Amino acid sequence: MPVFDLSELSAACPPNTPWLGLDLGENTIGVAASDAGRIIASPLELIRKTKFSQDAEQLFRIMDGRKVSALVIGLPLNMDGTEGPRAQSCRAFARNLERFRPVNVAFQDERLSTTAVERFLIDELDLTRKRRADVVDRTAAAWILQGALDRLRP
């Protein structure tokens, strides 16, 4: 599985194909999708983790249905920029996908993405705690993907 620096990912993908953004949590995977022009990221769905093989199959079904050419996976770095156990777990997730099929992958720093999304959902949308729990992971995935897309704009 090719793991690219974000700046090299576009060149490795066919033009006019969307990307997925992933927010990997302990129990869930937040999924977001870009449009084919890779301008806007939108929250898509939440995968409740079971066995890795089943999670991967569900992810591949989403990718195939949307003709996705790459994954942008949130990398939870420590505040000092180092990688801890959670970041290593995200890298292992990407490596384990390779057992099933090759996928273009790039990582995007996701420090404070969940916090930012929580603040937005509370302050701007005034969502209840239960409703926030239903949308925070896929919204965080959109935040991660949108950050990556914005970094690639000239």
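- The name an unreviewed UniProt entry assigns to the chain is Putative pre-16S rRNA nuclease, from the organism Brevundimonas naejangsanensis.
- Quoted verbatim from the Function (unreviewed entry) heading of the UniProt record, the comment on the chain is "Could be a nuclease involved in processing of the 5'-end of pre-16S rRNA."
- Comment text from UniProt for the chain, heading Sequence similarities (unreviewed entry), reads "Belongs to the YqgF HJR family."

## Side note on the pattern of salt bridges
So, point 1. Overall, the coordinates contain four salt bridges when judged by the stated rule.
So, point 2. For Arg-86, the salt bridge is made with Glu-110, and the minimal N-O distance between the two is 4.0 Å. Residue Arg-86 is located in helix H3 (residues 85-97), and its partner Glu-110 is located in the loop between strand S6 (105-109) and helix H4 (113-123); the two are separated by 24 residues in the primary sequence.
So, point 3. The exposure class of Arg-86 is partly exposed, given its relative accessible area of 49%.

## Description of the pairing of strand S4 (residues 41-48)
Within a regular strand, the side chains alternate between the two sheet faces.
So, point 1. Of the strand pairs in this sheet, strand S3 (residues 28-34) and S4 are connected by seven bridges, and their pairing is antiparallel. Opposite Ala-32, over in S4, you have Pro-43 as the bridge partner.

## Here we look at the environment of Ala-141
So, point 1. On the secondary structure map, Ala-141 appears in helix H5 (residues 129-152).
So, point 2. Taking relative accessible area as the criterion, Ala-141 reaches 0% and is therefore assigned buried.
So, point 3. The spatial distance from the C-alpha of Ala-141 to the C-alpha of Leu-46 is 9.7 Å, given a sequence separation of 95 residues.
So, point 4. Ignoring anything within four residues of it in the chain, the contact list for Ala-141 reads Gly-21, Leu-22, Asp-23, Gly-30, Val-31 and Ala-32.

## A few points about the environment of Val-135
So, point 1. Mapped onto the secondary structure, Val-135 falls in helix H5.
So, point 2. Distance in space between the C-alpha atoms of Val-135 and Pro-43 is 8.3 Å, their sequence separation being 92 residues.

## Digging into the packing of helix H2 (residues 52-66) against H3
So, point 1. Two numbers describe how H2 lies on H3: the axes approach to 11 Å, and their chain directions differ by 75°. Judged by the angle between their axes, H2 and H3 are roughly perpendicular. Residues Phe-52, Ala-56, Leu-59 and Phe-60 of H2 lie in contact with H3, whose contacting residues are Phe-93, Asn-96 and Leu-97.
So, point 2. Residue classes in the contact of H2 with H3 are distributed as six nonpolar, one polar and no charged.

## Let's talk about the sheet that holds strand S5 (residues 70-75)
So, point 1. Strand order across the open sheet formed by six strands is S1-S6-S5-S2-S3-S4, with mixed pairing between neighbours. Taken across any chain shown, the strands that pair with only one partner, and hence form the sheet edges, are strand S1 (3-4) and S4.
So, point 2. With four bridges connecting them, strand S2 (residues 19-24) and S5 associate as parallel partners. What sits directly across from Leu-20, in S5, is Leu-71.

## So, H3
So, point 1. Compared with the 18 Å implied by 1.5 Å per residue over 13 residues, the 19 Å span of H3 between its first and last C-alpha is a close match.
So, point 2. Ala-87, Cys-90, Phe-93, Ala-94 and Leu-97 are the residues of H3 that are buried. Down the axis, H3 shows its buried residues gathered within 110° of arc, on one side only. Facing away from the buried side of H3 by more than 90 degrees, the exposed set consists of Pro-85 and Arg-95.
So, point 3. Packed against the buried residues of H3 are S2, S3, H2, S5 and S6.

What counts, and where the lines are drawn
Residues numbered from 1 in each chain as written. Predicted model: local features only at pLDDT ≥ 70, side-chain atom pairs only at ≥ 80, totals over all residues. Heavy atoms only, no water. UniProt positions renumbered as here; feature names shortened; annotations may be inferred. Salt bridge = Lys/Arg side-chain N within 4 Å of Asp/Glu carboxyl O. Helix = DSSP H or I, 4+ residues; strand = E, 2+ residues; numbered from the N terminus. Buried < 20%, exposed > 50% of the residue type's maximum accessible area, 1.4 Å probe, protein only. Pairing = 2+ DSSP bridges. Contact = heavy atoms within 4.5 Å. Axes fitted to C-alpha atoms, helices over the stretch in contact; angles between N-to-C directions. Parallel < 35°, antiparallel > 145°, perpendicular 65-115°, else oblique. Nonpolar A, V, L, I, M, F, W, Y, C, P; charged D, E, K, R; others polar. Expected span 1.5 Å × (residues − 1). Arc of directions from axis to C-beta.

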